[in-house]
Structure formats: C-alpha cells, structure tokens
Amino acid sequence: MNRTAALDAVVFGVDIQSGDVRGDAPSYALVTFDGEHVERDVVSRRKLRRKIESDEPAIVATDNMYELAADKDQLIHFLGSLPDGTKLVQVTGDERPEPLSRVAKRHGVPYGKDPMEEAEAAARLAAASVGQEVSAFTDTTEVKVSRGRSTGKGGWSEDRYTRRIHGSVKKRAREVESELDGAGLAYERDVTEKYGGFANAVFHVEARPQDIPVSTERSGDVRIEIERMRRDGIEFRPLAKRRDHVVVGVDPGTTTAVAVVSLDGSVLDVASSRTNDTAEVTEWIIEHGRPVVVAADVTPMPETVEKLRRSFSAAGWEPERDLPVDEKKHRTREHAYDNDHERDAMAAALYAFDAHESQFDRVAEKVPPQHEVGRVVARVVAGEESVESVLRDLEGDEEAEPEQSEHEPRELTAEEKKIKRLEARTRRLESKVEDLKATVKRKDEQLDEKDRQLEKARSEGRREVRKDREVTRLKRRNEALERQVEDEQEKREALEDKLERLKSLWKLDHSNFADVSEKQEGLVPVKVVAQFTRDAIEDADERFGLARDDIVLLRDASGAGRSTARRLADVDPRVVLRNGNLSDAADEVLFENEVPVAPAEMVTVQVVDELAIAREREVEAAVADWERRAEERKKERKTEMVDQIISEHRADRPASGEN
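Residues numbered from 1 in each chain as written. Predicted model: local features only at pLDDT ≥ 70, side-chain atom pairs only at ≥ 80, totals over all residues. Heavy atoms only, no water.

1. Observations regarding the overall build of the chain
In step 1: Secondary structure summary: the chain contains 16 helices and 21 strands in total.
In step 2: Nonlocal contacts in the chain, meaning residues at least 24 apart in sequence, comprise 63% of its contacts between residues at least 6 apart.
In step 3: As displayed, the chain has an accessible area near 39,100 Å², and 45% of this comes from carbon and sulfur atoms. (Helix = DSSP H or I, 4+ residues; strand = E, 2+ residues; numbered from the N terminus. Contact = heavy atoms within 4.5 Å. Areas by Shrake-Rupley, 256 points an atom, 1.4 Å probe, with all protein chains shown as cover.)

See below:
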C-alpha cells in the first residue's frame, strides 16, 4: 500500500478490548501506525485520552464512533477535547456504516476479528484516506473580550471604577482586532458599548483556534475566551474526495464546453474554455466524476467526443437529429450558464440522462444498500452486463461450475469472462495511450511557450499583489496608530482632569473651610478608602498611593476579615478613621499590629473629590485616645491572664494533694 497524505503524522487505530463504553472502566486495543511501523497496546479510557493529548495523532480511527462515547453529547465532548490537529475518523462510513470486514477486504487491508486486529485495520484504512471524518464543529471560532471582574453594586467611586474597566476592555478589543488584521483573517465584530468603553466585544473569526494569533487569557480588568463554534449536529466528511459516476455532455470546437450531470439528473458543474486540448478536457472531467455516458448534441457524434467516450470506456449518446436551439433552451431553462457552448453541452448531458433515466432507476432498485449504485450502473450501461452478473461479481459468491473433462467444451466461468473483458479493455486503453503519447509530445512544445507566457503574467500579478498588500498593510498600520493616538488623548484628558482637581485643593481659601484657619491650625491630608475590602484598598493604592504614617478614612468599615485587615496593617498608617464598626477579626488584627483606630466622628474631615484634609490637633487627640484605650485593653488582658493562671493553679492543687 502506498503512503498517503494521512501518514504525514501518526494514526491511532482504536477498538474496544473489553468492557462496555457505558460502563465504568472499558479497555481499548490501541494501534499506533506511522506508515511503516506498528505499535500495539491495551489501554484504559483515561490513558487513551492522555496519549491522544500528548502524541497529537493526525487521525484517531475506529470502526464505530460510539465505541468512544456512550451517546451524542459525550461524542461532542470527546470531539471538543481532541487536539486542534487531530481528526476522528469512522472508517466504515457515515450514518449507515458497513461491516469493517467488508471495507477491509475491498481495500486490501488485513483483517481479523480480534480487537487488536480490528484496531490495526482501522488505522491502515484511515492512513489510506478511507472513511469519514466525524465533525461537530465548524471552522469559525468565537473570540470574546469581556470584563475580568464585576463593576460592583454601588459606592462613591463606582463610576470611575466602571469607566476604567470598560476602557480596558475597549483597549484590549482594539489590540485583538489589530492582531486579526495583521494575520489577514476574515472576521465579524459585535460590540456592546457601555459607559467609558466596551462591556464586551465578540469576534467571529473564519479560522480554527490554532490559526488565530490570540490565546485565552485573564488579566486584571479583562479576560479573553476562545471557543470553536458547534454545528447543529454531527457531520461526516469523506477523507478522500469522492468521484461519483456521472453523465457528461460535450460541445467541441474553438470553444469547448463540458457539463456534468449526476445520476439523479442534477447539474453538478459546467465549464468552457477556448481550447481544443483533449487532455485538458479529460483532466477536468476526471476531477468531477467518472463518466457512465458521454453525450453530444449533434449526430453523428463528433470525433473529439468519441475519443473522450473511448478514453473513459463509457457509453455514448447522440440524438436522432441535431437538437434544435429552442429545445436546448427549454431543457436548460432552470440552470445557469455563461454562453451558448455551455448551454449545448448541458443540453446534451440532460437529454442523455432523460434517455437513460428509467434504466438508472431499474438498476438502483435491484442494487442492495451495501453496494454503490453508480458502480453497478456503469457496468450495466457501458459494459452491457446484467445487474445480476455484476452483483455476483462484486459479491464474489457465484458458485463454481461443475468440473468438466479436459477435452470437453465448456462454458467460460464468470472470472474467465471478466478476464476477457479486461483484456479487451486493456487493448483499447493501450491504443488510447499511444494516441495520448503522440498528443503529449505535440503539446509539450506548446506548453513550454505557454509556461513562459504564464510565468511572465504571474510575475506581473505578483508585483500587483505585493503592491496591494503593502497598501493594505499601511492602511491597517495607520488605523492602528490613529487608535493609539485616541487612547493617548483619553489618558491625557484623564491626567489633566486629575491635575485640575489637585490644583483646586491647594488653592482652597478660608471660605472653603469656614471653621478652619490655616494660619492658626495645621492641616494634614487624609486618604479616603470607600470600603474596608481588599479591592477598595488596592484601588485607592493605585489611584493616589497608600504609605506609612498616612491618615486613612474608611467610609464603610464593616465586613472586613483578617486578610483584609492585614493588608491595611501592612501600610502602617498613622491612624485609621472608621465609619461604622469593625468586625472582631479585623479589630484584633489591627490591635495586634498597633494600628490606631478611632471613630471618624472624633476628627473633622473636609472632603474635596477624592482628596480630604483634617486638623492636626484632632488627629493627635484621636491617636492619644486610642493609645489610652489600647493601654487599658492591654491591662484588661493581663488581668484576665493572671485570673486564668490562678484558676488553673487552684484547679490543679487537689490533684497535687492526692499525689
């Protein structure tokens, strides 16, 4: 067997060794095939998943996809867990799989009923591009840029906090957009705009996750999620491009047109070209199917069409008289074509189909589901065999004829008849080969000239493409720079706004603080924290900094635990002014770290925007009050400790007396 594209990487063949996929612990026969070497192993479901993740095989092949999953939901989950470059292939077909033994026999692959042998057969078949890829996902990927944290439920700085988060989402979304543009990927963007920027931005990218220059991340205010879009159900796609049996219509001449019609009468394709090159026409037909009938729209059949018919060993069809133009227009009225030549070729194919339609239907009715109808039709129509003889030949179950005497005349067996047919076909093909060799020799000279012309045209085309790409790149770069300038302008405006607020604080005169005289009393700055939470402390530290000996005002001191209190104690503030009561845990941590805490009512605090000031003497009084209370608290603790020691000593004395 020749190596195929499937063997550019490893292929896993899998079959259930023991147990049931619906049970707790099925084991699998696993065959690893690289085109030359075979490795065999028996693994658990968990180990199989780990090997797929670590080895990233090109294909995981099986004769039944539901040996890997108990139902459709589990199968979709399994497909979603496969590495990006790994396919799941069912080698026995799609929704109606054939027996593995029949598929292996048809493709000349060794087969045995042992699970390990079945796994090896599946691996070898998939490596030969036999089977259907099982897919539950499209080639479209959703990239979602959204908020990485909640915007909160209120608070004095909620607006600014929310604006910052939405601004960060907007900035990261623009960066993602620039990266997608730089990679040349097609996408659609859907944005939800909110106060200060974006709440989220969703990109539907026409690419698989491994081809996208963005990865899943979560950092601070922003997170990025990447998810491949699911299909409505399970889809099967053949590994190898299928070439169905077709009816072909040809209109030869200075412009040659060819049309292809399926055996159910559907127009599959039509094309025309200003060429009389039979080889080029033949190649086009081969790419679109295997001809059963080759037809012309005139009689007698032109020699060019006849040569094509002979080269494919197909049946011929021609009308009793040249087809009139009005009849050809009427027959092709429901189909699109670019010129009269394509219309004539399509009409020839459709009229040929009409002539054989009843025969196609009769053959299809007699062909069992396990056989390909087109294959039988081709031999019945072109080879003039009966349906029964073709089926017997395909199934290989024709009984042997009774032995006859060596000198007695006997009827040829089916195999001998087949050999004779093949010998006759070989002679026809050899004749055709000679004709084609002469044609190839004649065309080589023409091809050399065409190649030179084509290379020149390609060179000019590449220059134009490079020019267009450079223009596009510069446009995208310009757009990115414009977005960067806009972001910098927003930052500058925010900083200017903050500077103005700072200036207004320093320019405050006596009218702003009617009960405070700057000349008579010293003023000290106070830093305000909205809530006694870690996020609020971090936010204040980020906006105006928290340092040792700062005076900190907690607008809401309730709810903090030990870790939050330790975070504030690490700042080592001069005093903490609280609104509301501290939790016992937070109060204990601050007391242990000797952080003075006083009710906010003890100090007159004047607030301007985010900044505040207080009287130095009132702050000193609050600290002194805390020190007095702290000393009393320590004395109480010592007293309690002494009482406890005495109580314990008294409790131990009777026990000592007994000893």
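From this point, things continue past the structure.
2. Side note on the sheet that holds strand β12 (residues 256-262)
In step 1: Taken together, the five strands give an open sheet; going across it, the order is β13-β12-β11-β14-β15, and neighbouring strands pair in mixed fashion. Strands at the two margins of the open sheet, each flanked by one partner only, are β13 (267-273) and β15 (315-317). Strand after strand, the sheet turns through a mean of 25° between neighbouring axes, direction not considered.
In step 2: Note: strand β11 (residues 245-251) against strand β14 (residues 290-295), five bridges, orientation parallel. Looking at β14, one finds that V248 is bridged to V294.
In step 3: This element, helix α6 (residues 278-288), spans β11, β12, β13 and β14 of the sheet and lies at about 20° to β12.
In step 4: Against the sheet, helix α7 (residues 303-312) makes contact with β11, β14 and β15, and its axis sits at roughly 155° relative to β14, the strand it touches most. (Pairing = 2+ DSSP bridges. Axes fitted to C-alpha atoms, helices over the stretch in contact; angles between N-to-C directions.)

3. Here's the deal with the pairing of strand β18 (residues 575-578)
In step 1: Bridge count between strand β17 (residues 551-554) and β18: four bridges; the pairing is parallel. For V552, the partnering residue across the bridge sits in β18 and is V576.
In step 2: Strand direction decides the pairing type here: β18 and strand β19 (residues 597-599), joined by three bridges, are parallel. Along β19, the bridge assignment pairs V576 with V597.
In step 3: A crossover connection joins β18 to the parallel β19 through helix α15 (residues 584-592); in handedness this β-α-β unit is right-handed. (Right-handed = clockwise from strand over helix to strand, strands pointing away.)

4. As for the packing of aromatic side chains
In step 1: Tallying each qualifying case throughout the model produces two aromatic pairs.
In step 2: Seen from their ring centres, Y187 and F203 are 5.8 Å apart, and the 70° between their planes marks the pair as edge-to-face. Taken as a pair, Y187 in strand β7 (residues 187-194) and F203 in strand β8 (residues 197-205) lie far apart in primary sequence, 16 residues in all.
In step 3: The class of Y187 is partly exposed, set by a relative accessible area of 22%.
In step 4: When the ring of F353 is compared with that of F360, the centres are 6.2 Å apart and the planes differ by 45°; the resulting orientation is tilted.
In step 5: Between the NZ or CZ atom of R633 and the centre of the ring of F591, over which it lies, the distance is 4.1 Å. (Phe/Tyr/Trp six-rings, centres within 6.5 Å; stacked < 30°, edge-to-face > 60°. Buried < 20%, exposed > 50% of the residue type's maximum accessible area, 1.4 Å probe, protein only. Lys NZ or Arg CZ within 6 Å of the ring centre and 35° of its normal.)

5. What to know about the nonpolar core
Most often, soluble globular proteins keep nonpolar side chains buried together rather than apart.
In step 1: If you look at the biggest cluster of nonpolar residues, it comprises 29 residues, and the most contacted ones within it are V247, V293 and V376.
In step 2: Secondary-structure elements contributing two or more residues to this core are β12, β14, β15, α9 (340-366), α10 (373-381) and α11 (387-395).
In step 3: Core analysis: the next-biggest nonpolar cluster, separate from the first, contains 23 residues, M65, L68, L79 and F137 among them. (Core = buried A, V, L, I, M, F, W, Y, C linked by side-chain atoms within 4.5 Å.)

6. Details of the pattern of salt bridges
In step 1: Following the criterion strictly, the structure yields 44 salt bridges and no others.
In step 2: As a salt-bridge pair, R309 and E306 come within 2.8 Å of each other at their nearest N and O atoms. Note that R309 and E306 are positioned in helix α7 at a spacing of three residues, about one turn of the helix.
In step 3: For R331, the salt bridge goes to D354, with nearest N and O atoms at 2.9 Å. Remark: D354 occurs in helix α9 and R331 occurs in helix α8 (residues 325-331); sequence separation between them is 23 residues.
In step 4: Shared partners join several salt bridges into a network, and the residues in it are R149, R164, D221, D539, E542 and R543. (Salt bridge = Lys/Arg side-chain N within 4 Å of Asp/Glu carboxyl O.)

7. Overview of the confidence of the model for the chain
In step 1: A residue-level look at the chain finds 86% of positions with pLDDT of 70 or above and a mean pLDDT of 82.
In step 2: The model gives residues 1-7 a pLDDT under 50, and that stretch makes 19 contacts with residues more than four places away or in other chains.
In step 3: When the criterion is pLDDT under 50, residues 397-411 qualifies, and its contacts beyond four places in sequence or with other chains add up to nine contacts. (pLDDT = per-residue confidence, 0-100.)

8. Quick notes on helix α4 (residues 115-127)
In step 1: Over its 13 residues, α4 runs 18 Å from end to end, which matches the ideal 18 Å to within 8%, given 1.5 Å per residue.
In step 2: Across the 13 residues of α4, eleven count as buried, placing the element largely inside the fold.
In step 3: Residues of α4 that are buried: P115, M116, E118, A119, E120, A121, A122, A123, L125, A126 and A127.
In step 4: On its buried side, α4 packs onto β1 (11-18), β2 (27-33), β3 (38-44), β4 (59-62), β5 (87-90) and α3 (100-106).
In step 5: With its phi angle positive at about 65°, S129 sits one or two positions after the end of α4. (Expected span 1.5 Å × (residues − 1).)

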